[in-house]
Amino acid sequence: NNICVPMASLETSFLTQITDGPNNYNDVDKIYLSILIEYLCTMEGIFWKEIRGEGLSYGYSINFGIETGILSFSLTKSTDVFKAYKKSLNIIKRLEDNFNIEEDRLEAAKSSVIFMIIEQENNKRSSAYKSFVNRIRNLPVNSRDISIRKIKKATIANLKSVFEKYLLKLFNKEKSNIILTTSKNGYEKIIKNFKESNIEFKTKFVEDLF
């Protein structure tokens, strides 16, 4: 079910769409998905140019948590949430029709993901903590090095595989749920626009949630 929560305190809109994501620490999909998300959402990437670059939403992100098994797409401080969401769908549809990944930008995305992994263990204390956590998660002692090697070897085919497995599901209204919070002033028009695109919301006011 999709829920819209109009709030008097808001002037912009916030949208989060969620579905099932990877939930196994040993699943290699988490590595390929991390690279794909970095590729799509980095500055000067597709989402940056077509959503933030056009002034439709201040923030946008795709995230997943192994602990929760949840994959999410979010728009934050959106000035035109319906148009921003439609742009997002359009990006995904274009990739579905033609998974055109630029090699140089793919290498940059890989480097960013590797940097984030190394940054998590940038001193002895954090390295020791990470090692302890990895043992709890039943990961090998050298899991960082294994992950980095897999990142370096990741191919466009690997990214296309997780795109089809996870992102198509995330942006499929039949396989995901949307939570929208927006201003009380004009929320009916936003809901109407979504409804005309066959996405329906149930309206719940803050006072109804408690």
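Right above here is the structure, for reference.
In this report, we go over the structure that sits alongside the text. All of these numbers come straight from a predicted model, not from anything done at the bench.

Our focus in this paragraph is the overall build of the chain. For the chain, the count of helices and strands is eight helices and six strands. Helices and strands in the chain line up, N terminus first, as β-β-α-α-β-β-α-α-α-α-α-β-α-β. Sorting the 210 residues of the chain into buried and exposed places 42% on the buried side. The contacts of the chain with a sequence gap of at least 6 include a subset with a gap of at least 24, amounting to 77%.

Counted as a void, the second largest pocket has a volume near 220 Å³. Lining the second largest pocket are 13 residues, with Ile 46, Arg 94, Asn 100, Glu 102 and Arg 105 positioned closest to its centre. Elements that contribute at least two residues to the lining of the second largest pocket include exactly α2 (46–52) and α3 (81–97).

Another point: the sheet that holds strand β3 (residues 57–65). Taken in spatial order, the six strands make up an open sheet running β3-β4-β2-β5-β1-β6, and their pairing is mixed. The sheet is open, and its two borders are formed by β3 and β6 (202–203), each paired with just one other strand. Contacts between α3 and the sheet are confined to β2 (13–20), β3, β4 (70–78) and β5 (177–183), with β4 contributing the most and set at about 140° to the helix.

What follows covers the environment of Phe 64. With respect to the helices and strands, the residue Phe 64 is situated in strand β3. A residue is classified by how much of its surface remains accessible, and Phe 64, at 23% relative accessible area, is partly exposed. When near neighbours in sequence (up to four residues on either side) are disregarded, Phe 64 contacts Pro 22, Lys 30, Leu 33, Ser 34, Ile 37, Ile 70 and Leu 71.

What counts, and where the lines are drawn
- Residues numbered from 1 in each chain as written.
- Predicted model: local features only at pLDDT ≥ 70, side-chain atom pairs only at ≥ 80, totals over all residues.
- Heavy atoms only, no water.
- Helix = DSSP H or I, 4+ residues; strand = E, 2+ residues; numbered from the N terminus.
- Buried < 20%, exposed > 50% of the residue type's maximum accessible area, 1.4 Å probe, protein only.
- Contact = heavy atoms within 4.5 Å.
- 1 Å grid on protein atoms, 1.4 Å probe; cavity = no way out; pocket = protein on both sides within 12 Å on 5 of 7 lines; lining within 4 Å.
- Points joined across faces, edges and corners; volume = space filled by probe spheres on them.
- Pairing = 2+ DSSP bridges.
- Axes fitted to C-alpha atoms, helices over the stretch in contact; angles between N-to-C directions.

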